[in-house]
Amino acid sequence: MPTEICDRAIVAPAASGADAAENISEVRSQESLLKTGALQNAIFNSANFSSIATDANGVIQIFNVGAERMLGYAAAEVMNKITPADISDPHELVARASALSIELETPIAPGFEALVFKASRGIEDIYELTYIRKDGSRFPAVVSVTALRDAQGSIIGYLLIGTDNTARKQAEEALLKAGALQNAIFNSANFSSIATDATGVIQIFNVGAERMLGYAATDVINKITPADISDPQELIARAHALSAELETPIAPGFEALVFKASRGIEDIYELTYIRKDGSRFPAVVSVTALRDAPGGIIGYLLIGTDNTARRQSEAEQKELGQRLRDHQFYTRSLFESNIDALMTTDPSGIITDVNKQMEALTSCSRDELIGAPFKNHFTDPERAEASIKLVLSKKKVTNYELTARARDGRETPVSYNATTFHDRDRRLQGVFVAARDITERKKAESQILNLALYDSLTGLPNRRLLNDRLVQTMAASKRSGHYGALMFMDLDNFKPLNDTQGHHVGDLLLIEVAQRISRGVRAVDVVARFGGDEFVVILNELDEDKIKATAHAAQVAEKLRALLDKPYVLKFKQEGKTETTVAHHCSTSIGVIVFRNHEETQDDLLKWADTAMYQAKEAGRNLIRFYQAKT
Ligand SMILES: Nc1nc2c(ncn2[C@@H]2O[C@H](COP(=O)(O)OP(=O)(O)OP(=O)(O)O)[C@@H](O)[C@H]2O)c(=O)[nH]1
């Protein structure tokens, strides 16, 4: 059979002719037939075509690889066994038979006959048919039927060449759907669909266009072009831009709206449409050229959507962005204009933001500070870190004192106030810290402390601090078992200096005396001004042995007595006068008491040392007397 098919294909329509031209045409015709034969062979052997050849009754004689592949039968399963009707949808066979019966006005049975009837009558026949696979599944096929004839022209069988039509069917369905979409868009009130003729004159103006533009279709159809309802300035600008882009002059009218589409370039652009009442709205317009079958442009379709809402939301977004930037600027200004060094840290104490004051406090740049641990910039990092933990647990910390250390070593005492801060969902974001420079306050505090505890004339501890120190020394002596000593010193005949040279000279002497006493004792000992011309010295940790301690105290007392007994040269300069020098001599009377484990109070010790000092005075001044407890 395949040979017959090929032979028929090659020889059947051969023509003959007498003249050369006819010969040439005959050769060409044969060549083309050869080609057709080759094509037929290709089809017959192709796995993409099901080629089924039957005998005159329809019984399958050939079932090629393509048929096997598409239908799932092996050739042996169907050859000489069934007809193509047995693998076709029976309902379609019935429908086809009935349709053909009507068309050809002759009864046609709903079996194999229905499949080949037209071909058997010499009518070219290609139709769609659902084939049923061996596994029962179905697929749409396009079947081309040819009657096979013998040399006498009698039908000896049929060739049914089928192609699987599934892909095309799917494409058709997709197209149908796309068509539905187009219809929906075209009939939608939300899209302005304007179709024009090739010159731009409006031919269709849908409900959406009427709604958006305020014109009735009859107002515009065959009257104006879409350019007449577009912003003229934008048309000019668009024509100008397109002329530059496409390097060809484009007129600022309808041409500017469709030029790209007319050149087959997909075109969607923004344009301001003008309503009948003169109001305007931004539209996004998509332009398509409408073409006839040969591809000539017969018009344009402009589908527009109202872009007002998007524009508004863009504008709102822009305004919101601006407001946000304003707010950020305001917040930043507040942050920067604060007199305190401000910073934020994350919950682990890593700096996340700083102001200029913080940069100044640490001598570090913003970039250096952000990302660094907060504690690194303080003299006591542990205390700094503890402050963050305190804030996290208490949510707030006030007047926590720390000392900031700048890169150059400069230290600044700061009072630290901090709170935690959270996001909108109350999730902890970090700690907000304000560190106030309290250098001045600290200075004032220390001045007040000095005034309270130190003598302003000599700089020595005053009576109050002396009391504290005496209490400490007594406690230490009690603990260690070492004796301490208390010396009460009173200048002899100091008053006359005041009287003769003036109070200021007396002051100079008191200052000099204070210095001499301080130089005469160890740093651990305490020298205080008790008042007037009275000074007190506490000697610490002398000895466990009273005699040795007493001897040591006597030695120091003598040293001091001798130091103070030396001549004084007091220099002073009164305003507008030259420097004056006063030579003076002044001795000191000293009362001493050694103590350890005393049950007595510091007042008792002072009183007894004072008593001993008076004894020295009474004994002639410039002397040392030890207190002897009355027995
Ligand atoms: N220049 C000066 N004089 C003071 C100061 N405080 C007290 N005085 C004077 O110191 C003197 C102390 O007097 P006394 O200790 O009683 O007298 P004295 O002359 O030292 O006599 P004796 O102690 O008995 O040797 C008084 O004249 C006080 O006015 C001071 O801060 N500056």
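Up top is the structure these notes are about.
These remarks concern the structure in this document. Nothing here was measured: the structure is a model prediction, and the numbers come from that model.

As a further point, take the layout of surface pockets. Approximately 280 Å³ is the volume found for the second largest pocket. Every residue lining the second largest pocket is counted, 14 residues in all, and those nearest its centre are Lys-546, Ile-593, Val-594, Tyr-627 and Ala-629. Broken down by element, the lining of the second largest pocket gets its largest block of residues, three residues, from strand 21 (residues 588-595). By residue class, the composition of the lining of the second largest pocket is eight nonpolar, three polar and three charged.

Moving on, we get to the sheet that holds strand 22 (residues 624-626). Within a sheet, each strand pairs with its neighbour through backbone hydrogen bonds, oriented either parallel or antiparallel. Spatial strand order, 17-18-16-21-22: five strands in an open sheet with mixed pairing. Edge positions in the sheet fall to strand 17 (526-531) and strand 22, since each has one partner strand and no second. Here the average twist between neighbouring strands, direction ignored, is 20 degrees. Pairing geometry for strand 16 (residues 484-491) and strand 18 (residues 534-539), over six bridges, is antiparallel. If you follow Met-489 over to strand 18, its bridge partner there is Phe-535. Helix 19 (residues 503-520) contacts strand 16, strand 17 and strand 18 of the sheet and is inclined by roughly 10 degrees relative to strand 18. In the packing of helix 21 (residues 602-618) onto the sheet, the strands contacted are strand 16, strand 17, strand 18, strand 21 and strand 22, and the crossing angle to strand 21 comes to about 140 degrees.

Attention shifts here to the sheet that holds strand 14 (residues 411-422). The antiparallel open sheet is built from five strands, whose spatial order is 12-11-15-14-13. On the outer flanks of this sheet lie strand 12 (351-354) and strand 13 (396-405), each paired with one strand and no other. Going from strand to strand, the sheet's axes swing by 30 degrees on average, the running direction of each strand aside. Bridging between strand 13 and strand 14 involves eight bridges; their strand directions are antiparallel. Note that in strand 14 the partner of Lys-396 across the bridge is Thr-419. Along the sheet face, helix 12 (residues 308-337) touches strand 11 (341-345), strand 12 and strand 15 (428-437) and points at about 85 degrees away from the line of strand 12. The strands that helix 16 (residues 439-453) touches are strand 13, strand 14 and strand 15; relative to strand 14, the one it contacts most, it runs at about 125 degrees.

The biggest cluster of nonpolar side chains holds 36 residues, and the ones touching the most others in it are Met-487, Leu-509, Ile-517, Val-537, Leu-539 and Val-592. Contributions of two or more residues to this core are made by strand 16, helix 19, strand 18, helix 20 (546-565), strand 19 (568-573), strand 21 and strand 22. Apart from residues lying up to four places away in sequence, Leu-539 is in contact with Gly-484, Ala-485, Met-487, Val-521, Arg-522, Asp-525, Ala-553 and Val-556. Residues Ala-227, Ile-229, Leu-235 and Ala-289 belong to the second largest nonpolar core, which totals 32 residues.

Attention shifts here to the site of the ligand. Neighbouring the ligand are 17 residues, the closest being Asn-498, Asp-507, Arg-529, Asp-533 and Lys-617. At 2.9 Å from an oxygen atom of the ligand is found a main-chain nitrogen or oxygen belonging to Asn-493. Protein chains bury 68% of the 650 Å² of accessible surface belonging to the ligand in isolation. Elements that contribute at least two residues to the shell around the ligand include exactly strand 16, helix 18 (495-501) and helix 19.

Two elements, strand 6 (residues 192-197) and strand 7 (residues 202-205), share three bridges in a ladder whose sense is antiparallel. Its bridge partner being in strand 7, Ile-194 is matched across the sheet by Phe-205. Two successive antiparallel strands, strand 6 and strand 7, enclose a turn made up of four residues, where Gly-200 displays a positive phi of approximately 105 degrees.

The subject of this paragraph is the environment of Leu-428. With respect to the helices, strands and loops of the structure, Leu-428 is situated in strand 15. With relative accessibility at 36%, the residue Leu-428 sits in the partly exposed group. Taking the C-alpha atoms as reference points, Leu-428 and Leu-392, 36 residues apart in sequence, are found 9.2 Å from one another. If we skip the residues at most four places from it in the chain, Leu-428 touches Pro-347, Leu-392, Thr-420, Phe-421 and His-422.

Examined against the element boundaries, Ile-593 turns out to sit in strand 21. Using a relative accessible area of 5% as the deciding quantity, one classes Ile-593 as buried. Leave out the neighbours within four places in its chain, and Ile-593 touches Gly-484, Ala-485, Leu-486, Leu-605, Trp-608, Ala-609 and Tyr-627.

What counts, and where the lines are drawn
- Residues numbered from 1 in each chain as written.
- Predicted model: local features only at pLDDT ≥ 70, side-chain atom pairs only at ≥ 80, totals over all residues.
- Heavy atoms only, no water.
- 1 Å grid on protein atoms, 1.4 Å probe; cavity = no way out; pocket = protein on both sides within 12 Å on 5 of 7 lines; lining within 4 Å.
- Points joined across faces, edges and corners; volume = space filled by probe spheres on them.
- Helix = DSSP H or I, 4+ residues; strand = E, 2+ residues; numbered from the N terminus.
- Nonpolar A, V, L, I, M, F, W, Y, C, P; charged D, E, K, R; others polar.
- Pairing = 2+ DSSP bridges.
- Axes fitted to C-alpha atoms, helices over the stretch in contact; angles between N-to-C directions.
- Contact = heavy atoms within 4.5 Å.
- Core = buried A, V, L, I, M, F, W, Y, C linked by side-chain atoms within 4.5 Å.
- Buried < 20%, exposed > 50% of the residue type's maximum accessible area, 1.4 Å probe, protein only.
- Near = heavy atom within 4 Å.
- Polar contact = N/O pair within 3.5 Å; in protein donor to acceptor, adjacent residues only side chain to side chain.
- Areas by Shrake-Rupley, 256 points an atom, 1.4 Å probe, with all protein chains shown as cover.

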